[in-house]
Amino acid sequence: MSTRATAKKTMNRIELLDKGVSILTDAGFEEAKTDAMLLMEYICGADRNELFLHGDVEVTGEMEEAFLRAVEKRLTHIPVQHITGVQNFMGLDFKVSDKVLCPRQDTEILVEEVMRIGLDSMDILDMCTGSGCIILSLLRFSHACRGVGVDISEEALEIARANAEALGLDAEFVRSDLFANLKEGQFDIIVSNPPYIRTEVIDTLMPEVRDHEPHIALDGDEDGLVFYRRICQEGYDRLRAGGMIFFEIGYDQADDVRKIMEKSGFDHIEIVKDYGGNDRVAYGVKN
Ligand code: GLN
């Protein structure tokens, strides 16, 4: 048989992308287009502008196979970020794995609220840092601040350190159960996106989250509030006078978290909504 007869017709980038979109759409994936695009960017090593601008470039057989393998993984509800290994947050690329919570767009509101106070030469503590996306974004977009990120998971801290290095940022990462191993010293800001899902709700989360993200980063115990209590109680003395505490909260936790903050002595408590209109951030001041 001649090679001509057996040679498979090669596809260009747009055709391959479209194939991925229709496979995922047929399987009922709501974000089929975004998912396929992220996988395509990853496989081709090109961003979406480049992909569209040169959409007629033919892909190699290897690229096609790699892309279709990635789409197949996605079909089993592995999060796209676990396939590509990265998640963009605040315009920065963060390395992720199944050992850290994937940075969420909603959490950008938390970072933006902290940034609004004007960060200059401050000591910032990120409690439950995970991938490090919060503290590293804050360091990247502020002036002369010092940052400490704490997590109980050494595997998470390895990712956070790799992210700091990749972004050329200097943060200290400490393994500790909240404040237990954290050396003496006070901060101007404590920021935290702690685990806040009620234990009984975890089984009802989408498979991408339930089956692939670390439960240790999600589970806020029976009432979802245990970390707010502990961080407020233990964190109060770790803040300088006039220092501020910022939390990400669940959409239905504003009242509870406000009470917890008041009980620990915080003042001027404010709740901020995300772009979806849900309560998302709570912050307060130590007078
Ligand atoms: N917002 C996350 C989710 O929806 C939960 C984050 C957390 O527990 N800190 O899965």
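Residues numbered from 1 in each chain as written. Predicted model: local features only at pLDDT ≥ 70, side-chain atom pairs only at ≥ 80, totals over all residues. Heavy atoms only, no water.

(A) Here's a closer look at the packing of aromatic side chains. Summed over all chains, the structure comprises 4 aromatic pairs. Lying across the ring of Tyr236, Lys286 places its NZ or CZ 4.6 Å from the centre. (Phe/Tyr/Trp six-rings, centres within 6.5 Å; stacked < 30°, edge-to-face > 60°. Lys NZ or Arg CZ within 6 Å of the ring centre and 35° of its normal.)

(B) Layout of the environment of Ser142. Checked against the element boundaries, Ser142 lands in the loop between helix 8 (133-140) and strand 4 (146-151). Sequence separation between Ser142 and Asp120 is 22 residues; the distance between their C-alpha atoms is 6.4 Å. (Helix = DSSP H or I, 4+ residues; strand = E, 2+ residues; numbered from the N terminus.)

(C) Layout of the packing of helix 11 (residues 226-236) against helix 12 (residues 254-264). Between helix 11 and helix 12, the least distance of the axes is 9 Å, while the angle of their chain directions is 25 degrees. Relative to helix 12, the element helix 11 is oriented roughly parallel. For the crossing formed where helix 11 meets helix 12, the hand is right-handed. Residues Tyr228, Arg229, Cys232, Gln233 and Tyr236 of helix 11 lie in contact with helix 12, whose contacting residues are Val257, Ile260, Met261 and Ser264. (Axes fitted to C-alpha atoms, helices over the stretch in contact; angles between N-to-C directions. Parallel < 35°, antiparallel > 145°, perpendicular 65-115°, else oblique. Left-handed = near helix turned anticlockwise from the far one by under 90°. Contact = heavy atoms within 4.5 Å.)

(D) How the structure looks around the site of the ligand. Leu101, Arg104, Asn193, Pro194, Pro195, Tyr196, Ile197, Ala217, Leu218 and Glu248 make up every residue found near the ligand. Arg104 is positioned such that a nitrogen or oxygen atom in its side chain is 2.9 Å from an oxygen atom of the ligand. At 2.8 Å, a side-chain N or O of Asn193 approaches a nitrogen atom of the ligand. Coverage of the ligand by the protein amounts to 84% of the 300 Å² it exposes when considered alone. Here the residues of the shell around the ligand sort into 7 nonpolar, 1 polar and 2 charged. (Near = heavy atom within 4 Å. Polar contact = N/O pair within 3.5 Å; in protein donor to acceptor, adjacent residues only side chain to side chain. Areas by Shrake-Rupley, 256 points an atom, 1.4 Å probe, with all protein chains shown as cover. Nonpolar A, V, L, I, M, F, W, Y, C, P; charged D, E, K, R; others polar.)

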